[in-house]
Amino acid sequence: MAALDKRMTAAGIVGRLRSGMTLGIGGWGPRRKPMALVREILRSDLTDLTIVSYGGPDVGMLCAAGKVKKLVFAFVSMDAIPLEPWFRKSREAGAIEVLELDEGMFQWGLKAAAFQLPFLPTRVGLGTDLIELGGLRTVQSPYDDGEVMVAMPALKLDAALIHVQRCDHRGNVQALGPDTYYDEWFAKAATECFVSAEELVPAMEDAYPEDARANLFERCFVTGVTEARGGAHPTSLPPSYGWDMGWMKRYAAAAKDPGDWSAVSAQFVGASEAEYLASVGGIEAVGALPLPIF
Amino acid sequence: MATLAELCIAAVAEAFRTDRELVGTGIGPIPRLGVGLAKLTHSPGLMMTDGEAFLVEQPVPLGPRSYDDRKPAGYLPFSRFFDSAVWSGRRHAMVTPTQVDRFGQTNLSALGGTHAQPKTQMLGARGFPGNGIYHANSMFIPAHGPRVFVTGEVDRISSPGYNPARRIAGGNYSAIDLRRIVTNLCVMDFGGPDNAIRVVSLHPGATFDEVQAATGFPLIDAVAGETPLPSAEQLDIIAALDPHGIRHTVLPENPPAQRSTP
């Protein structure tokens, strides 16, 4: 039986990853991204990755740093800054392969992987360029209707990375906030899922039993946990903190001037997580970031 | 005196007229205000979100306000959105694609170049492919011109339209339902032969020839009159939903609804 003490360091988690792997990254655009783990990948020598993400600055930074071989995506955006500039540079340089999907068929692919199916049928993609450009195939209903549908292939992940408010050493997680996107399906679609949390508690049932409904997925889907305060920064983690608009503006501006990631990567990654947090004003400043209003 | 933006909002509201209970999604200030106006006037069955995860019965005003102004009546996070609204067909969205062609196919993905190396990378297909095949869609185009309404097909087809050449045998395209296109010049629909695009009303002072000249494909003249000006009641509702006047920033120089004669 697997050990139930799943505590690891961020470097230990990234040490479990290998170049060439397919990594799913939870969250949505500039929201709830496991950025502390993404920064740890950026500090590592991992390369040749296939990234599966509803993309925000996680995707832009990994592309800029040359970590990405292939991107599976439906969009890459920072919302208030709609077009992610570093992702655009990679695409316009022809530097990465892509599988472009619809947002809904993307989660359908995660569900296929979670259910251990080769594909799930859908109408989504019919009449668009996604099918031919993505090499997607069709399947015919075996019933009397005979309908021809897109066979959305399983998006099987070698590892998923997710950031939440709380976890314990056994992998019980709690994610607060109004929306948790498709994080549960990333976890279930992955061979191994690694979770960073604002707070690592000894036992969830003692610390926060009243919030059990915030448990996104069962601990059998969790391989490793690590504490990372401010671990979603610069993306938002409602209700704990909002996204860092100033950071995103500086990051976007740097894509134009100087335009070279190696010249600015230290500013946006840091040599260590402690150095990074200090560079953005510390955990107090992160916790004070206002929640965005829509 | 109504502005052109307010006239467009009223036209958007008309596009959302429905006796069904479905989610109305307006992406961008004018579509969102139009859905809110529809919900508060002729179409109370419309459902709206707070822009995040909760369904609200009172449309959320644009711009800064007290967080507590939002009163959730229901819950529609992303994990339910495709199940409950998109793939069930219980939604009508109004979006602003980068390109539109004569078949109603749209592009939000990329311009020019190749798939491996686009000249201009944009957002990606987002939810357009699923929206287009499953539920009603309309469009708002703030700058009606031939770079948006392209000659030939869009560079990348992000959402399906009525192009017979893009249909594979046995596929179910029955839910493709393109409603209206509201622009800064006119209102159009897909009511022509084989769903050809028609101009159904011109904004005050605009002419069909002007609209045609700004469009890269032939349009059908089905102009029944001028796009109606918003009523005083409608203007009051719009003002309440947009207390900071964000609508005034959407169209360059915020022109009046009624063009002044030169």
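Calculation notes
- Sequence order as written defines the numbering, with residues in each chain counted from 1.
- Chain A is the first chain written and ligand 1 is the first ligand written, with later ones labelled in order.
- Where local features are concerned, this predicted model is filtered to residues with pLDDT of at least 70; where side-chain atom pairs are given and counted, the filter is 80 or more; whole-chain, interface and lining totals use all residues.
- Excluded from the side-chain calculation are hydrogens and water; included are all heavy atoms of the structure.
- Helix numbering and strand numbering both begin at the N terminus, where a helix is a DSSP run of H or I of at least 4 residues and a strand a DSSP run of E of at least 2.
- Criterion used throughout: strands pair if DSSP finds at least two bridges between them.
- Orientation is described by axes fitted as lines to C-alpha atoms, over the contacting stretch for helices, and by angles from 0 to 180 degrees between their N-to-C directions.
- Every residue pair with non-hydrogen atoms within 4.5 Å of one another is taken to be in contact.
- Confidence scores here are pLDDT values: one per residue, from the predictor, ranging 0 to 100.
- A side-chain nitrogen of Lys or Arg and a carboxyl oxygen of Asp or Glu constitute a salt bridge if their distance falls within 4 Å.
- Burial classification: accessible surface area is computed with a 1.4 Å probe over protein chains only, and a residue below 20% of its type maximum counts as buried, one above 50% as exposed, and the rest as partly exposed.

Engineer: Describe unusual backbone geometry, with residues and values.
Structural biologist: With an omega dihedral of 0°, the bond running from Pro238 of chain A to Pro239 of chain A counts as a cis peptide bond. Within the fold, Pro239 of chain A resides in the loop between β11 (224-227) and α9 (245-256). Omega for the bond connecting Asp257 of chain A with Pro258 of chain A falls within 30 degrees of zero, at 15°, which places this linkage in the cis form. The phi dihedral of Asp79 of chain A is positive, around 70°, even though this residue is not glycine. Along the chain, Asp79 of chain A turns up in the loop between β3 (68-73) and α4 (85-92). Residue Asn195 of chain B is not a glycine yet carries a positive backbone phi of 65°. Structurally, Asn195 of chain B is set in the loop between β12 (186-189) and β13 (198-202).

Engineer: Tell me about the sheet that holds strand β7 (residues 148-153) of chain A, and name the residues and values.
Structural biologist: Residue and element names in this part refer to chain A. Spatially, the 3 strands line up as an open sheet ordered β5-β7-β6, and their pairing is antiparallel. At either end of the open sheet lies a strand with only one pairing partner, and these are β5 (119-122) and β6 (137-140). Going across the sheet, the axis of each strand differs from the next one's by a mean of 45°, ignoring polarity. Pairing of β6 with β7, which is carried by 4 bridges, proceeds in the antiparallel orientation. What sits directly across from Arg137, in β7, is Ala151. Helix α5 (residues 103-114) contacts β5 and β7 of the sheet and is inclined by roughly 145° relative to β5.

Engineer: Provide a residue-level description of the confidence of the model for chain B, including the pertinent values.
Structural biologist: Per-residue pLDDT for chain B has a mean of 96; in total, 98% of the residues score no lower than 70. Taken over the whole predicted complex, pTM reads 0.97, whereas the ipTM for its chain interfaces reads 0.96.

Engineer: I'd love a proper account of the pattern of salt bridges, names of residues and values included.
Structural biologist: Counted according to the given criterion, the structure contains 25 salt bridges over all chains. A salt bridge links Arg126 of chain B to Glu103 of chain A; the nearest nitrogen and oxygen atoms lie 2.8 Å apart. Of this pair, Arg126 of chain B sits in the loop between β9 (120-121) and α4 (128-134) while Glu103 of chain A is found in helix α5, placing the two residues in two different chains. For the pair Arg126 of chain B and Glu103 of chain A, one class covers both residues: buried. Here the residues in one salt-bridge network are Arg39, Glu40, Arg43 and Glu273 of chain A, joined through shared partners.

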